[in-house]
Amino acid sequence: MPDANPAGPSIFFSVWVNDEATKADKIFYNMHAYGPLTLMQEWEKPDPEKVGQTVHKLVRLLLKMAFIIDDLLDERKHKDKKR
């Protein structure tokens, strides 16, 4: 039977705008684990003249957290291998 999770433990980051966000002048962002588990979800109200800069700031923030998440996942992998 094929592995249901070939990538192993994974964390995904998203930044998006939808109809709700557009009406409220918001940009949404989140972090979620493999599957439907949302770990964190927030929004930012950008200056309309600086939407691109706001998205860039959010991406940089999420990328900074990626190293922490990667370290935690690696630590967990090593603990699981020792069992």
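Let us look at the structure shown here. (Residues numbered from 1 in each chain as written. Predicted model: local features only at pLDDT ≥ 70, side-chain atom pairs only at ≥ 80, totals over all residues. Heavy atoms only, no water.)

1. A closer look at the overall build of the protein chain
In terms of helices and strands, the protein chain carries two helices and three strands. Reading the secondary structure of the protein chain in the N-to-C direction produces β-α-β-β-α. Out of the 83 residues belonging to the protein chain, those deemed buried represent 20%. Considering only contacts in the protein chain between residues 6 or more positions apart, those separated by 24 or more positions represent 32%. Total accessible area on the protein chain stands at roughly 6,600 Å², and carbon and sulfur atoms take up 57% of it. (Helix = DSSP H or I, 4+ residues; strand = E, 2+ residues; numbered from the N terminus. Buried < 20%, exposed > 50% of the residue type's maximum accessible area, 1.4 Å probe, protein only. Contact = heavy atoms within 4.5 Å. Areas by Shrake-Rupley, 256 points an atom, 1.4 Å probe, with all protein chains shown as cover.)

2. A short note on the nonpolar core
Across soluble globular proteins, nonpolar side chains have a tendency to be buried as a group. Of all hydrophobic cores here, the largest spans seven residues; its members are Ile27, Tyr29, Met31, Met40, Leu58, Leu62 and Ile69. If you list the elements that add at least two residues to this core, you get strand S2 (27–33) and helix H2 (51–82). (Core = buried A, V, L, I, M, F, W, Y, C linked by side-chain atoms within 4.5 Å.)

3. Describing the pattern of salt bridges
The final tally for this structure, using the stated rule, is one salt bridge. The salt bridge partner of Lys57 is Glu44, with a shortest N-O separation of 2.8 Å. In this pair, Lys57 is assigned in helix H2 and Glu44 in strand S3 (residues 38–44), connecting sequence segments 13 residues apart. Here Glu44 falls in the partly exposed class, since its relative accessible area comes to 22%. (Salt bridge = Lys/Arg side-chain N within 4 Å of Asp/Glu carboxyl O.)

4. Quick word on H2
Given a rise of 1.5 Å per residue, 32 residues ought to cover 46 Å, and the 47 Å separating the end C-alpha atoms of H2 matches this to within 8%. When we look at burial in H2, the residues that qualify are Thr54, Leu58, Leu62, Ala66 and Ile69. (Expected span 1.5 Å × (residues − 1).)

5. Some points on the packing of aromatic side chains
Counting across every chain of the model gives one aromatic pair. In this structure, Lys26 is placed above the aromatic ring of Trp43, and the distance from its NZ or CZ to the ring centre is 3.9 Å. (Phe/Tyr/Trp six-rings, centres within 6.5 Å; stacked < 30°, edge-to-face > 60°. Lys NZ or Arg CZ within 6 Å of the ring centre and 35° of its normal.)

6. Structural notes on the environment of Thr38
Along the polypeptide, Thr38 turns up in strand S3. Residue Thr38 is classed as partly exposed on the basis of its relative accessible area of 41%. Through-space distance from the C-alpha of Thr38 to that of Phe12 is 9.4 Å; in sequence the pair is 26 residues apart. Excluding anything up to four places from it in sequence, Thr38 contacts Met31 and His32.

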